[in-house]
Amino acid sequence: MPRGEAAGRRWYSHPYNRSELYRLAAGLSWLPRPLRLALARQIGRLAPSLMPTERAAIRSTMARLTGATGSRLEALTQRAFTDFAMCFSDLVSTNRQPAARLTAHVGRREGIEHLARLTGGLVSLTAHVGNWELAGRLLAGRSARPIHGVVAPEEARELERWVRRDGDGVRFVTRSRPTVSLELIAALRRGEVVGMQADRALGGRGDIEVPFFGRPAWFPLGPFLLASGVGVPLVAGFCLLDPRYQYVVKVAEPLIAERGREEDAAHAWVAILEAVVREYPTQWFNFFDIWQSFEE
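Trainee: Residue-level account of the state of the cysteines, with values.
Mentor: Summed over all chains, the structure comprises 0 disulfides. C239 provides the cysteine sulfur closest to C87, a residue in no disulfide bond, and the two sulfurs are 8.2 Å apart. Of the residues examined, C87 reaches a relative accessible area of 4% and is grouped as buried.

Shown next, in the form of structure tokens:
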């Protein structure tokens, strides 16, 4: 059911989304990618000792996602930080390459055929899984339509400055803008794409409680209300690192959010997300406890 008592509470935020980190990662972009990723892994191995609160949250999450204990749990916790470091390194280097060159870093593609059958506007769903921004760029190139990526206010400035300077088919939109809903509706009606991350509740009345790995968690309902209001499908897409450090692109079958049944579509999305996270648990980059994030 919709959340009715979260109004006024803040969603999760952290102090690490700073320009210094983007600048550091961008400064290493001249290195050959294998060497750069190796360096990122080394930095990732140091991160848990500098981020004890986030380490505890990741450890708890890995235990829930995988059932691991002991040394295996510690290894998964460490790997979440190294995987994040590699994806973040690519975010401000590899991702800035021309779209035509990005495919060199993509290995397997699953479900791409779903996009060919779609015409008109659509809502592209993704999450803080793998290289989410690269997934958006690849979708933009594949669909040949502009994408409006909805981001948090604290993310917008750094993403615009360090991730992409020429747009390349993707425009970042801050969700706090007073006219954001009208802008997104207009974009969908023009046949364009709206990209939204749908794995973090915002702490307001638009959140709903959905079972996730056997325990209720809060997720945003906004993407599904937007899609049903305009009458467009939702397509979930992910971009994940494989053991060879190539990206696997996964596109799920389109979802339809019917008016009055938006929660059903949200449940279907969470099931898709759970399947991906179960397969790639160390690439779900939520450095907080999603199951307790709004508890008193």
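Trainee: Provide a residue-level description of the sheet that holds strand β4 (residues 170-174), including the pertinent values.
Mentor: The 7 strands lie next to each other as β1-β9-β8-β2-β5-β3-β4, forming an open sheet whose pairing is mixed. Looking at which strands have only one partner, the edges of the open sheet turn out to be β1 (106-110) and β4. Averaged over all adjacent pairs, the angle separating strand axes in this sheet is 25°, with direction ignored. As paired strands, strand β2 (residues 122-126) and strand β8 (residues 234-241) are joined by 3 bridges and run parallel to one another. Bridge pairing links L125 to A236 in β8.

Trainee: Could you give an account of the pattern of salt bridges, with specific residues and numbers?
Mentor: Applying the stated criterion across every chain, the model contains 13 salt bridges. D83 is paired through a salt bridge with R79; the nearest N and O atoms lie 3.4 Å apart. You can see D83 and its partner R79 sitting in helix α4 (residues 70-91), 4 residues apart, about one turn around the helix. Given a relative accessible area of 45%, R79 falls into the partly exposed group. R190 is the salt-bridge partner of E192, the closest N and O atoms lying 3.0 Å from each other.

Trainee: If you had to explain unusual backbone geometry to someone new, which residues and values would you point to?
Mentor: Even without glycine at this site, F213 takes up a positive phi of about 55°. Checked against the element boundaries, F213 lands in the loop between β6 (207-212) and β7 (215-220). For F213, a relative accessible area of 8% corresponds to the buried category. Its identity is not glycine, yet Y245 carries a phi of approximately 65°, on the positive side. With respect to the helices and strands, Y245 occurs in the loop between β8 and β9 (247-251).

Trainee: So what's going on with the confidence of the model for the protein? Residues and values would help.
Mentor: Taken residue by residue, the protein gives an average pLDDT of 83. The fraction at 70 or more is 79%. Confidence scores differ between elements of the protein, with helix α8 (residues 153-163) showing the lowest mean pLDDT of 55 and helix α11 (residues 262-279) the highest of 97. This model gives residues 4-12 a pLDDT under 50, and the stretch forms 26 contacts once residues within four places in sequence are excluded.

Trainee: I'd like to hear about the nonpolar core, residue by residue, with values.
Mentor: By size, the foremost hydrophobic cluster in this structure holds 79 residues, and its most contacted members are V123, V129, F212, F224, F238, W269 and L273. Here this core gets 8 residues from one element, more than from any other, and that element is α11. Once you skip the residues sitting within four places of it in the chain, V129 turns out to touch F238, C239, L240, L273, V276, V277, Q283 and W284.

Trainee: Hey, could you go over the environment of S93 for me, with residue numbers and the actual values?
Mentor: As for its placement among the helices and strands, S93 is situated in the loop between α4 and α5 (99-102). Among the residues examined, S93 registers a relative accessible area of 9% and is labelled buried. Sequence separation of S93 and W30 is 63 residues, and the distance between their C-alpha atoms is 8.3 Å. Contact partners of S93, with chain neighbours within four places excluded, come to S29 and R36.

Trainee: Quick rundown of the pairing of β2? Include the residues and the values.
Mentor: Among the 5 residues in β2, 5 count as buried, and that is most of the element. Where burial is concerned, the two faces of β2 agree: the one with L122, S124 and T126 and the one with V123 and L125 are both buried.

Trainee: Describe the packing of helix α10 (residues 222-230) against α11, listing the residues and the values that go with them.
Mentor: Two quantities define a packed helix pair, namely the angle between the axes and the distance from one axis to the other. Relative orientation of the contacting elements α10 and α11 amounts to 125°, with a least axis distance of 9 Å. When the axes of α10 and α11 are compared, the pair comes out oblique. Crossing angle aside, the handedness with which α10 passes α11 is right-handed. Across from F224, L225 and S228 in α10, the residues of α11 making contact are E262, A265, A266 and W269. Considered class by class, the residues forming the contact of α10 with α11 number 5 nonpolar, 1 polar and 1 charged.

Trainee: Go over α11 with me, naming the residues and quoting the values.
Mentor: Between its terminal C-alpha atoms α11 stretches 26 Å, which fits the 26 Å expected from 18 residues at 1.5 Å a residue. When α11 is considered as a whole, its buried residues turn out to be E262, A265, A266, W269, V270, I272, L273, E274, V276 and V277. As for α11, its buried residues are in contact with α3 (52-66), β2, β6, β7, α10 and β8.

Rules and cut-offs
- Residues numbered from 1 in each chain as written.
- Predicted model: local features only at pLDDT ≥ 70, side-chain atom pairs only at ≥ 80, totals over all residues.
- Heavy atoms only, no water.
- Disulfide = S-S within 2.5 Å.
- Buried < 20%, exposed > 50% of the residue type's maximum accessible area, 1.4 Å probe, protein only.
- Pairing = 2+ DSSP bridges.
- Helix = DSSP H or I, 4+ residues; strand = E, 2+ residues; numbered from the N terminus.
- Axes fitted to C-alpha atoms, helices over the stretch in contact; angles between N-to-C directions.
- Salt bridge = Lys/Arg side-chain N within 4 Å of Asp/Glu carboxyl O.
- pLDDT = per-residue confidence, 0-100.
- Contact = heavy atoms within 4.5 Å.
- Core = buried A, V, L, I, M, F, W, Y, C linked by side-chain atoms within 4.5 Å.
- Parallel < 35°, antiparallel > 145°, perpendicular 65-115°, else oblique.
- Left-handed = near helix turned anticlockwise from the far one by under 90°.
- Nonpolar A, V, L, I, M, F, W, Y, C, P; charged D, E, K, R; others polar.
- Expected span 1.5 Å × (residues − 1).

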